[in-house]
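# Architecture and fold: a report
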Amino acid sequence: MSPPPKPQLVLFFILLLLFTAAEAATLPPSPSPISSPTARPSPTTRHSPISSPTTRPSPTTRPSPISSPTTKPSPSGHSTLDPKQLTALQSLDIPTAKDPCIQPSPHNATVCDASSPFRFLISLNLSNCSSDLSLSYTALKSLSTLRSLTFTNCPASPGRFPSDLALSLHSFTCIHSLKHLTDVGLSHFVNLTDLTVSDVPVNGSGLYVVLGNMRKLRSVTISNANVTGYIPRHLHSNLTHVDFSGNKLKGTIPGAIAVLENLESLDLSSNSLTGELPSNFGDLISLKNLSLRSNSLSGSIPDSVSAIPGLVHVDLSSNQFNGTIPRFLAEMKHLKYLNLEKNAFHGVLPFNLSFMKKLAVLKVGENSNLCYNHTRLSSKLKLGIAPCDKHGLPMSPPPSKEASASDDSSDYDDGEGDNSSRKEHHHGPNKVALGIAIAIASIVFLIVFMVLLSRKCC
């Protein structure tokens, strides 16, 4: 008969089994293969449509179209900048102790050309200026070699721009600066390719006066500028970016806008526009970002929109659009953001779950006569509309805003009950592993009991 096992060996075996069982009990379950819908952007983010993956950059970050030449260091310690321009910079409170062509101030960026014996400024950015700063006519006239001029948070009193400087500029940016501008003053910049005026009142008759002679313009932003009047019926065909948001524009969107075959971004949001979209709207074949939210537009979405293959961002919310939502929207391969809420659309929502999951944002709520097919879509989806009956009409009033308010992390997901059960599933003990651990512990206890019993018998 073999000697009974040593107590130390039995104890080691017991501890090893208990450690293995405990580790198996706490092992997290494998993740679900179904990924959740993409999170909705924070509501504090401004969607100028133009804020989607291919959305246009903010006016404060859009790069200047003027390429800057490489700045060459001066062989001596003295400034190589033209003396008159050096004096002009000093009058604008720009430090000139060091050569502005070699070491520009971080807040007042300067770029110079490579002329000799003196270099000349071709780009100037005045930002975070003192409110006492005066833009003298003499100083501005000395800067007539500039190709790019930018004011950012610079509350200086607006002066008169010399004609030489106005004709020289290719890019002009004014953001929350200069207190006010005039449409006639801006109209003198006839050689601009890029115009940005944002959060600055523009006094005058309207957009036509500003843009009428700017035939080289490619990008124009005149937003939150208190501009009145109508959208010009004739815009130059080389425009790629148009932003007239946050003004007081009225009337209809002119059909002539469809000639802008190079237009990639159009933002007319937050105005007082009325009427229907032009039937030839689909001629904007290069369009990627469209925002018409917060107007009084009506009618249906034109069928011609299906001819715009690259749409990424579409925001038609807070209008009076009606009719059914066209099926061709679900066939747009690049679409990521679709906001149709707060309109008068009716009928059955023509989207399936696979299309909805590929979107970063989908909003269709607050369309009282719109409903969804409950045999294709789960009632747990937070769409803000009711399911359809057999006649294609809403079965019940749409849920209240409080009940249907979507979670900040997603525009549509499963109900709270599923979420709570999912959390319990992820963080609670694994029942199978727990059962195995109990079984192993019972076997160990039985072995220990038998060992002790055999030693007592011996």
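Residues numbered from 1 in each chain as written. Predicted model: local features only at pLDDT ≥ 70, side-chain atom pairs only at ≥ 80, totals over all residues. Heavy atoms only, no water.

### So, the overall build of the protein
Inclusion rule: Every helix listed is a DSSP run of H or I at least four residues long, and every strand listed is a run of E at least two residues long, numbered separately from the N terminus. Between buried and exposed lies partly exposed: a residue is buried under 20% and exposed over 50% of the maximum accessible area for its type, with that area taken using a 1.4 Å probe on protein chains only. By the convention used here, residues are in contact when the closest approach between their heavy atoms is within 4.5 Å. Residue-level accessible areas treat just the shown protein chains as cover; the underlying method is Shrake-Rupley with a 1.4 Å probe.
When helices and strands are tallied, the protein shows 10 helices and 22 strands. Taking all 458 residues of the protein together, the buried fraction comes to 44%. The contacts of the protein with a sequence gap of at least 6 include a subset with a gap of at least 24, amounting to 50%. Looking at the protein as shown, the accessible area adds up to about 23800 Å², and 58% of this sits on carbon and sulfur atoms.

### Side note on the state of the cysteines
Note the cut-off: The criterion for a disulfide is a pair of cysteine sulfur atoms lying within 2.5 Å.
The full count for this structure, using the stated rule, is 3 disulfides. Here Cys101 engages in a disulfide with Cys112; their sulfurs sit 2.1 Å apart. One quick way to see it: the torsion about the S-S bond of Cys101 and Cys112 is about -85°, and its sign makes the bridge left-handed. One end of the pair, Cys101, is in the loop between helix H2 (83-91) and strand S1 (110-112); the other, Cys112, is in strand S1, with 11 residues separating them in the sequence.

### Some details on the sheet that holds strand S11 (residues 248-251)
Two orientations exist for strands paired in a sheet by backbone hydrogen bonds: parallel and antiparallel. Put simply, the rule is: Should DSSP find at least two bridges between two strands, the strands are taken to pair.
With parallel pairing, the 8 strands of this open sheet are ordered in space as S9-S11-S13-S15-S17-S19-S21-S22. Two strands bound the open sheet, and with one partner strand each, they are strand S9 (228-229) and strand S22 (386-387). Where strand S21 (residues 369-372) and S22 come together, 2 bridges link them in parallel fashion. Along S22, the bridge assignment pairs Cys371 with Ala386.

### Side note on the environment of Thr240
Note that Thr240 resides in the loop between S9 and strand S10 (241-243). Residues in contact with Thr240, not counting those within four places in the same chain, are Arg218, Asn262, Leu263, Glu264 and Ser265.

### A closer look at the side chain of Asp99
For clarity, the threshold we go by: We treat Lys and Arg as the positive residues and Asp and Glu as the negative residues; His and chain ends play no part in the count. Just to be clear on terms, a salt bridge is a Lys or Arg side-chain nitrogen sitting within 4 Å of an Asp or Glu carboxyl oxygen. Distance and chemistry together define a polar contact, namely a pair of N or O atoms within 3.5 Å, with one atom able to donate a hydrogen and the other to accept it when in protein, and with adjacent residues in sequence counting only for side-chain atoms on both sides.
Mapping Asp99 onto the fold places it in the loop between H2 and S1. It turns out Asp99 is buried and unbridged, and the closest side chain with the opposite charge, Arg119, is 5.3 Å from it. Side-chain polar atoms of Asp99 contact the side chain of Thr80, separated by 3.0 Å.

### A short note on the packing of aromatic side chains
Note the following rule: Aromatic contacts are taken between Phe, Tyr and Trp rings whose centres are within 6.5 Å, Trp giving its six-membered ring; a plane angle under 30 degrees counts as stacked, one over 60 as edge-to-face, and the others as tilted.
The tally for this structure, following the rule as stated, stands at 6 aromatic pairs. Relative to Phe189, the ring of Phe161 lies with its centre 5.5 Å away and its plane at 80°, an arrangement referred to as edge-to-face. Here Phe161, found in the loop between strand S3 (148-152) and helix H4 (163-168), pairs with Phe189, found in the loop between helix H5 (183-187) and strand S6 (194-198); they are 28 residues apart in sequence, far enough to count as distant. Assigned by exposure class, Phe161 and Phe189 land together as buried. Arranged with centres 4.7 Å apart and planes meeting at 45°, the rings of Phe351 and Phe355 form a pair that is tilted. Judged by its relative accessible area of 1%, Phe351 falls in the buried class. Put simply, the rings of Phe151, Phe161, Phe172 and Phe189 pair up and form one aromatic cluster.

### Observations concerning the pattern of salt bridges
Enumeration over the complete set of coordinates arrives at 2 salt bridges. Across the salt bridge formed by Lys141 and Asp164, the nearest N and O atoms sit 3.7 Å from each other. Within this pair, whereas Lys141 is found in helix H3 (residues 137-142), its partner Asp164 is found in helix H4, the two being separated by 23 residues in sequence. Taking the relative accessible area as the measure of exposure, Lys141 reaches 41% and is therefore partly exposed. Asp315 is the partner of Arg293 in a salt bridge, and the nearest nitrogen-oxygen pair spans 3.9 Å. Of the two residues, Arg293 is situated in the loop between strand S14 (289-291) and strand S15 (296-299) and Asp315 in strand S16 (residues 313-315); the sequence distance between them amounts to 22 residues. When its relative accessible area of 18% is taken as the criterion, Arg293 is described as buried.

### Regarding the sheet that holds strand S8 (residues 219-223)
For clarity, the cut-off: Here an angle of 0 to 180 degrees is reported between the N-to-C directions of two axes, which are lines fitted to C-alpha atoms, with helices fitted over the stretch in contact.
Strand order in this open sheet of 12 strands is S1-S2-S3-S4-S6-S8-S10-S12-S14-S16-S18-S20, and the pairing throughout is mixed. With partners counted over all chains shown, the strands left at the sheet margins are S1 and strand S20 (361-363), one partner each. Averaged over all neighbouring strand pairs, the angle between strand axes comes to 10°, with direction disregarded. Judged from the 3 bridges that link them, S8 and S10 form a sheet pairing that is parallel. Within S10, the residue paired with Ser219 across the bridge is His241.

### Observations regarding the confidence of the model for the protein
Basically, it comes down to this: What pLDDT expresses is the predictor's confidence in each residue, scored from 0 to 100.
A residue-level look at the protein finds 71% of positions with pLDDT of 70 or above and a mean pLDDT of 79. Counting contacts from residues 29-78, a segment whose pLDDT is below 50, to residues more than four positions away or on other chains yields 104 contacts. Segment residues 402-428 is flagged for pLDDT under 50; beyond a separation of four residues in sequence, or across chains, it makes 43 contacts in the model.

### Section: the pairing of S15
Taking every second residue as pointing to the same face, the buried face of S15 carries Leu297 and Gly299, while none of Ser296 and Ser298 on the other face is buried. With 2 bridges joining them, strand S13 (residues 272-275) and S15 adopt parallel strand pairing. Looking at S15, one finds that Gly275 is bridged to Leu297.

### Some details on unusual backbone geometry
The omega torsion across Ser116 and Pro117 is 5°, close enough to zero to call that bond cis. With respect to the helices, strands and loops of the structure, Pro117 is situated in the loop between S1 and strand S2 (121-127). For Asp93, which is not a glycine, the phi torsion comes out positive at approximately 60°. One non-glycine residue, Ser270, lies in the positive phi region at around 60°.

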